[in-house]
Amino acid sequence: MRQTGKQKSLVFAVNGKRFELSEVDPSTTLLEFLRSQTPFNGVKLSCGEGGCGACVVLLSKYDPVLDQVEDFTVSSCLTLLCSVNGCSITTAEGVGNSKTGFHPIQERFAGFHASQCGFCTPGMCVSLFSALVNADKTNRPQPRPGFSKLTVSEAEKAIAGNLCRCTGYRPIADACKSFAADVDMEDLGFNSFWKKGESDEVKLSRLPPYHQSNASSRFPEFLKNEIKARTNLVSAGHRWYSPASLKELQSLLRQNKSNNETSMKIVVGNTGMGYYKELERYDKYIDLKSISELSVIRKDHTGIEIGAAVTISKAIEALREDNEGAFHLGSKTVFRKIADHMEKIASRFIRNSGSVGGNLMMAQRKHFPSDLATILLPTGTIMTIMTGKKLEKLPIEEFIGRPPLESKTILLSIKIPCWDSKRGIPSKTDTKLLFETYRAAPRPLGNALPYLNAAFLAEVSSCRNSSGVRLNKCQLAFGAYGTKRPIRASKVEEFLTGKLLSVGVLYEAFKLLETIIIPEDGTSHPTYRTSLAVGFLFEFLSPMLDTPEFSDVCRYGISSEDCKIELKCDQLGQKKVPTLLSSGKQVIQLNEEYQPVGMPITKAGAALQASGEAVYVDDIPSPKNCLHGAFIYSTEPLARVKGIKFKHGSSPIGVTAIMTVKDIPGENRGIKSVYCEEPLYADEIAQCAGDRIAFVVADTQKHADLAANMAVVDYDKENLQTPILSIEEAVERRSFFELPNSPYPLQLGYFSKGMAAADNQILSAQVKLGSQYYFYMETQVALAVTDEDNCMVVYTSNQFPESTLETIAACLGVPGHNVRVITRRVGGGFGGKATKAVPVATACALAAYKLQRPVRIYMNRKTDMIMAGGRHPMKITYSVGFKTNGKITALKLDISVDAGIYQDLSLYIPEKMLGTLKKYDWGAFLCDFKVCKTNLPSRSTMRAPGDIQGSFIAEAIIEHVASTLSIEVDSVRKINLHTYDSLEFFYTSSAGELQEYTLPTIWDKLATSSSFYNRTEMLKEFNRCNIWRKRGISRVPIVHELQVGATPGKVSILRDGSIVVEVGGIEMGQGLWTKVKQMTAYALSLVKCGGVDELLEKVRVIQTDTLSLVQGGITANSTTSESSCEAVRLCCNVLVERLTSFEEKLEEQMNSIEWETLISQAYLNSVNLSASSYYVPDLSTSQYLNYGVAVSEVEVNLLTGQTTILRTDILYDCGQSLNPAVDLGQIEGAYVQGIGFFMFEEYPTNSDGLVTANGTWTYKIPTVDTIPKQFNVEIVNSGHHKNRVLSSKASGEPPLLLAVSVHSATRAAIKEARRQLWSWSGEDETCNSNLFQLEVPATMPVVKELCGLHSIQRFLEWKIAGN
């Protein structure tokens, strides 16, 4: 670190480039610096709270004493810039890039088709790079050439904390595993490197070569030579201190007190900011990392002492180290189990910087639901704290139980004691120590707060007079269940102490425990959390009962070498921790008729995405004098806005202006299109919580966001109606949007006749469905730049640029030709960047227009989630008639759709729903819709809008019929599949020809390939043998109706023979550009001049520009790729015609003609080498049906409600796939997004309709540890369809519907659990166990409740009764 006078400067390196800073705002994060002050934009902002991995970088520290470099990942959105003094930072560009060469990681990500929208890919690559760097430092045996020292399990876990919304993770996991020393090459999925059946040697030779030199963090030599020192920085009223001793720290704390408690923040890794958002500015920052006393780890025969500033990752390493002879087996096991549990805290890149002390102090001061505090509670951990000069040692229970410690109190260390004979555990061979920790959370590998955590330590001994086990003493800790701090269940401990364990003793202990573990009011799922406490204690104690029925719940306690208490182990292999994905199989059929169309070409730009060089809107450098905006939104559902002011009474730092409805020169329009209109800002009255009120503009995005957070809106509700906040209220008050030219109620056949023909009827049954958030990795973003002559250029991440142009022009009151809207790529859309992106771009354009300065916004995740609206909630009432064999004769549906406050695209939802509701032959069908207007944020289209709800409703009805009849649901599905005649009746305009109806064929084919019937029988045996785990399997079909839209295209050939293509469709990860490139190469190859591969390399698809290509429409409904391809083919046909006639003339002069020669000669002869088209499908080609079938098998843990997806098999009819690699990725990604809807993603609101799940802490999308353990997909090329684009079919949305198979399989497992539960009650279980409704999403609390919140007590009562 360099000295500059009295000031000290910050010195570090980024990708080998030296940076020295003397003026730094201490609140600046590493992410902010990298994105604003360096050219390295591979570091992405997505969540801003360390929960997604998009911003991960590799941080390298040099130790001059050991001459070693320590490398680890950190979340740059939380890491403070001042904390990286002397460090080297590596971003994705530093791992590899297009200029110096891509790293094998990036090449393999591209080749395994592991990048779609690409926004998450740089972070994924850095996470894997870090794992390779650290694995290759180990002393493990040298791996085979081409591999690293990484193991398969480590490779998969390397990206466990990284989120992806596009791919479904399977190809990402395969790309990671391809580096593992112990990988079976047969387990690696479909890729562009080798063909099926080739030997391992050939496969390895075709992989981008990997050498250990590729895993070097490349710490720069110049940084090693910098003076090693601490950083104390002073700038513009802000101070950063790095004290080197406790004495210096005490002095700083005293200064702070004498300065009347100047706002101060004590930091180590700053990871707490991810949970407790920084909504104020601090004057002073004190970094504790340089204090040696806080960073040491001491081990002796009494235990392990860990400094408070030690990171969680280093603490894990210390606890796992094999200290030969230092500790007894019991203590070693306690330490190891604590470490194992700590590995589930957050994610690796958070554990690498988050400190042990920081975690515990958050628990003490702010009641953070800490795992660490709970698991240390029963171990007798001693805390050392310092207040002023006073040192104090106290048990962790007292530490946690004290009132929040004052700011001058510092936690110095924790000491976990050894548990051996010196701590009072007798050395007798019949006395043993048991220790176990537990947590129940939505994600097995962590990165999710628990519903409850627990840790139990017990001393047990064999009873001399019987075969039982006596519990001599125990310590039972529970936490994170909706209480301020973890607790010891002292009364239960007292009750159990000294008792001989029996069924009766356990039963009484659990009754007592239920009176103790009571979550505070307002805690979600309180009874579920209480049941978890009982379940975990049962899991801990039950193996000590000498009863066979308890065998499938056991876990391993601590036992010495001569243990006489043999604890039973789970017979199904819990001992061996499996890899996340046991295997996966992908089967495709290539169509070589239209090469390169039909070939599995790697996605265009995939390597650039992996290296972080792909440019998204927020990567565009800010123009000079650029301002930044943030929305001020309503927190009330229906209220008059009287005014806006700021907390503390003064305008926040950096604020330039606040834009409201009064600043609009034209129309108050946030969206204006042929589909819908809505205002940009609330005009006097805010209509819903989340309604846009104003747009605050400031000099930085941070200042704009802080100002928006500080805004206080003055509301008035006098003389306003009560807001409508539910479908029921909307129906009662007749608050509906009118459906234009409504065909509803729609009737097919005669409902009354169908009901009369039925043997059984279900009348007025109800189903409710909630919402789902898009969770695109890139939030809403725009940049507006003023241009000459009253014009405006707007860069936006947008699925609907055409509407954006129209809206901005109307808002500004200028002609449309004054507005240019440009979209290059979208970092995930899923429908959320269609209408919802328009007002964001319009707000920026309005502010830029009024202020005559560039204005941009990158919306923070919380605001995005509050304003997004998401998928449409629904309420469905149905009546159905059916025969005894399950054949349905009539179905009536009344569906109410919650559209929110504005119409948006909600009027199209009924039509979309019908396409999937009709998937079965209902006999007679009667359906009516109401689109409800409520005071909630307007809902919009989300991937498979209406389709997924319609398909689920159909399956819910099938399940209900099967349950009522007590017959297998699969037989009810099969008997109600369409014949071709009924298909034509229900889908008059889209059924196609008989040979196109492939569903019956793939239904039977998948039963064979997935061994469905055999597995069904095996599953019955499994359920018979296992009390606390149940499995279910389900086979589900889809019929998905699609509408192809009109799309423009333009193809131009440049003088050098390169080809430029423009299309209306937007690339957002679905491979549209890739398919368009293939189609261009194929269509131009008909000139018969040059090979198609050469032509493919010459094609570039460029960004969408609304003034260059008009009538671009909306990229949606899965069909824009194929319609864009057809538009391009029409252009190419024109060019081929021109070039062919010219080529014939040229051939008279030349024998053979190269492509470049042909084009250059065409230029000289003034041949028009640009062609435009507008593809409009005719009636015979505008609609068609997609078919697919999925079989899913799940396992439910009856103690926690956790559902594990063991296996999924999918057969999907893609027609003749335009690109099987792209379509495979779409199928897998859509399916996993569907799993999120059905199993994980809750999007709740408060009583005012304000979204409360507004970040990664509370909203959980699927992760790599929650996808199917075995994931098999086969794409069926079903033959030629003359009405399709080169016989192709869509793949973007229909596979999402197949995820209902997981929900149905879960229901089957729950049914087995309920049957068992009722049998314990001695009642006829058939009817009671069958008739239940499984909510969507089927989260852990939902599943556990249906399996029985008191199932353990019922079981014990049954046992006590003598069974």
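Parameters and conventions
Residues numbered from 1 in each chain as written. Predicted model: local features only at pLDDT ≥ 70, side-chain atom pairs only at ≥ 80, totals over all residues. Heavy atoms only, no water. Helix = DSSP H or I, 4+ residues; strand = E, 2+ residues; numbered from the N terminus. Rg over C-alpha atoms; globule rule 2.2 N^0.38 Å. Contact = heavy atoms within 4.5 Å. Areas by Shrake-Rupley, 256 points an atom, 1.4 Å probe, with all protein chains shown as cover. Lys, Arg positive; Asp, Glu negative; His and termini not counted. Charge placed at Lys NZ, Arg CZ, Asp CG, Glu CD. Buried < 20%, exposed > 50% of the residue type's maximum accessible area, 1.4 Å probe, protein only. Pairing = 2+ DSSP bridges. Axes fitted to C-alpha atoms, helices over the stretch in contact; angles between N-to-C directions. Phe/Tyr/Trp six-rings, centres within 6.5 Å; stacked < 30°, edge-to-face > 60°. Lys NZ or Arg CZ within 6 Å of the ring centre and 35° of its normal. Polar contact = N/O pair within 3.5 Å; in protein donor to acceptor, adjacent residues only side chain to side chain. Expected span 1.5 Å × (residues − 1). Parallel < 35°, antiparallel > 145°, perpendicular 65-115°, else oblique. Left-handed = near helix turned anticlockwise from the far one by under 90°. Nonpolar A, V, L, I, M, F, W, Y, C, P; charged D, E, K, R; others polar. Core = buried A, V, L, I, M, F, W, Y, C linked by side-chain atoms within 4.5 Å.

Student: Help me out: how do you make sense of the overall build of the chain in this one?
Tutor: Helix and strand counts for the chain stand at 40 helices and 49 strands. Taken over the C-alpha trace, the chain has a radius of gyration of 32 Å; the compact-globule value for 1363 residues is 34 Å, and the two agree within 12%. In terms of overall dimensions, the chain has a C-alpha envelope of 100 × 90 × 80 Å along the principal axes. Here the analysis covers contacts within the chain between residues at least 6 apart in sequence; of these, 77% occur between residues at least 24 apart. Within the structure as shown, the chain displays about 48600 Å² of accessible surface, and the carbon and sulfur contribution to it stands at 50%. Each charge class in the chain was averaged separately, 146 positive and 147 negative side chains, and the resulting centres sit 6 Å apart.

Student: Sorry if this is basic, but what is going on with unusual backbone geometry here?
Tutor: If a residue is not glycine, its phi is most likely negative; likewise, a peptide bond is most likely trans. Of the consecutive residues Tyr744 and Pro745, the connecting peptide bond is found in the cis state with omega at 0°. Its place among the elements puts Pro745 in the loop between β31 (736-737) and β32 (746-748). Not every positive phi belongs to a glycine, and Asp67 is a case in point at roughly 50°. One non-glycine residue with positive phi stands out, namely Ser1287, at about 70°. Following the sequence through the fold, Ser1287 ends up in the loop between β49 (1270-1276) and α37 (1300-1320). Using a relative accessible area of 5% as the deciding quantity, one classes Ser1287 as buried.

Student: Just to check I follow, could you spell out the pairing of strand β46 (residues 1170-1175) for this structure?
Tutor: The two faces of a sheet get side chains in turn, since along a regular strand they alternate between them. With burial as the criterion, only one face of β46 is covered, namely that bearing Ala1171, Ser1173 and Tyr1175; the residues Ser1170, Ser1172 and Tyr1174 on the opposite face remain uncovered. As judged from the six bridges shared by strand β42 (residues 1047-1053) and β46, these two strands associate in the antiparallel manner. Residue Thr1047 lies in a different strand from β46, and its bridge partner there is Tyr1175.

Student: Would you take a moment to explain the sheet that holds strand β43 (residues 1059-1063) for this structure?
Tutor: Strand pairing in a sheet is mediated by backbone hydrogen bonds. Such pairs are either parallel or antiparallel. Read across the sheet, four strands follow the order β44-β43-β42-β46 without closing on themselves; strand pairing throughout is mixed. Of all strands in the sheet, those bounded by a partner on one side alone are β44 (1099-1101) and β46. Looking at each pair of strands side by side, their axes are set apart by 20° on average, direction ignored. Sheet topology places β43 next to β44; three bridges connect them, and they run parallel. Paired with Val1060 across the strands is Arg1100, a residue of β44. Docked against the sheet, helix α34 (residues 1120-1147) engages β42, β43 and β46, running at close to 140° with respect to β46.

Student: Would you mind showing me how to read the pairing of strand β22 (residues 583-587) here?
Tutor: Where burial is concerned, the two faces of β22 differ: the one with Gly584 and Gln586 is buried and the one with Ser583, Lys585 and Val587 is not. As judged from the five bridges shared by β22 and β49, these two strands associate in the parallel manner. Bridge pairing links Val587 to Glu1274 in β49.

Student: What's the story with the packing of aromatic side chains in this structure? I'm lost.
Tutor: The description of an aromatic ring pair rests on the distance of the ring centres and on the angle between the ring planes. A full pass over the atoms with the stated rule returns 50 aromatic pairs. Ring plane angle 80° and centroid distance 5.0 Å describe the contact between Tyr275 and Phe368, whose orientation is recorded as edge-to-face. Placement of the pair is Tyr275 in the loop between β10 (264-267) and β11 (284-287) and Phe368 in the loop between α13 (356-366) and α14 (371-376), with a sequence separation of 93 residues. Under the relative-accessibility criterion, Tyr275 is labelled partly exposed at 28%. Each member of the aromatic cluster is reached from another via a ring pair, and the members are Phe510, Phe538, Trp1028, Trp1320, Phe1355 and Trp1358. Over the ring of Phe147 we find Arg144; its NZ or CZ atom is 4.1 Å from the centre of that ring. Its guanidinium or amino end placed over the ring of Phe495, Lys499 lies 4.3 Å from that ring's centre, counting from NZ or CZ.

Student: Before we go on, may I ask you to explain the environment of Ser1173 in this structure?
Tutor: Its location among the elements puts Ser1173 in strand β46. Taking the relative accessible area as the measure of exposure, Ser1173 reaches 14% and is therefore buried. Residues contacting Ser1173, with those up to four places away along its chain left out, are Thr1047, Pro1048, Gly1049, Ala1127, Leu1130 and Cys1131. A distance of 2.6 Å separates a polar atom in the side chain of Ser1173 from the backbone oxygen of Ala1127.

Student: I'm lost on helix α17 (residues 503-514) in this one. Help?
Tutor: Side chains that are three or four residues apart share a direction in an α-helix, a result of its 3.6 residues per turn. When the terminal C-alpha atoms of α17 are compared, their 17 Å separation across twelve residues agrees well with the 16 Å that a helix rising 1.5 Å per residue should span. Among the residues of α17, Val503, Val505, Leu506, Tyr507, Ala509, Phe510 and Leu513 are the ones counted as buried. On its buried face, α17 sits against β19 (469-479), α16 (490-496), β21 (499-500), α18 (526-541) and α40 (1351-1360).

Student: How do you make sense of the sheet that holds strand β3 (residues 10-14) when you look at a structure like this?
Tutor: What the five strands build is an open sheet, ordered β4-β3-β7-β5-β6; its pairing is mixed. The two strands at the open ends of the sheet, each matched to only one other strand, are β4 (17-21) and β6 (68-75). Looking at each pair of strands side by side, their axes are set apart by 25° on average, direction ignored. Direction of pairing for β3 relative to strand β7 (residues 88-90): parallel, over a ladder of two bridges. Within the sheet, the bridge partner assigned to Val14 lies in β7 and is Ile89. Contacting β5 (56-63), β6 and β7, helix α4 (residues 121-135) runs over the sheet at an angle of about 30° to β5.

Student: Mind showing me how you'd approach the packing of α37 against α40 here?
Tutor: In a pair of packed helices, the angle between the axes and the distance between the axes together describe the arrangement. With their axes 9 Å apart at the nearest point, α37 and α40 run at an angle of 40° to one another. One element, α37, and the other, α40, form an angle in the oblique class. Remark: the crossing between α37 and α40 carries left-handed chirality. Here Leu1317, Ser1319 and Trp1320 of α37 come into contact with α40, specifically with Ser1351, Arg1354, Phe1355 and Trp1358. Along the lines of polarity and charge, the residues of the contact of α37 with α40 split into four nonpolar, two polar and one charged.

Student: Would you explain the nonpolar core in this entry?
Tutor: Generally speaking, a soluble globular protein has its nonpolar side chains buried in company with each other. Grouped together as the largest cluster of nonpolar side chains are 300 residues, with contacts concentrated most on Phe478, Phe695, Leu893 and Ile895. For this core, the element with the most residues is helix α36 (residues 1220-1240), which contributes eleven residues. Discounting chain neighbours no more than four positions away, the residues touching Leu893 are Ile876, Thr877, Tyr878, Leu917, Phe925, Leu926, Cys927, Asp928, Ile953 and Ile957. Core analysis: the next-biggest nonpolar cluster, separate from the first, contains 47 residues, Tyr594, Ala1083, Ala1162 and Tyr1175 among them.

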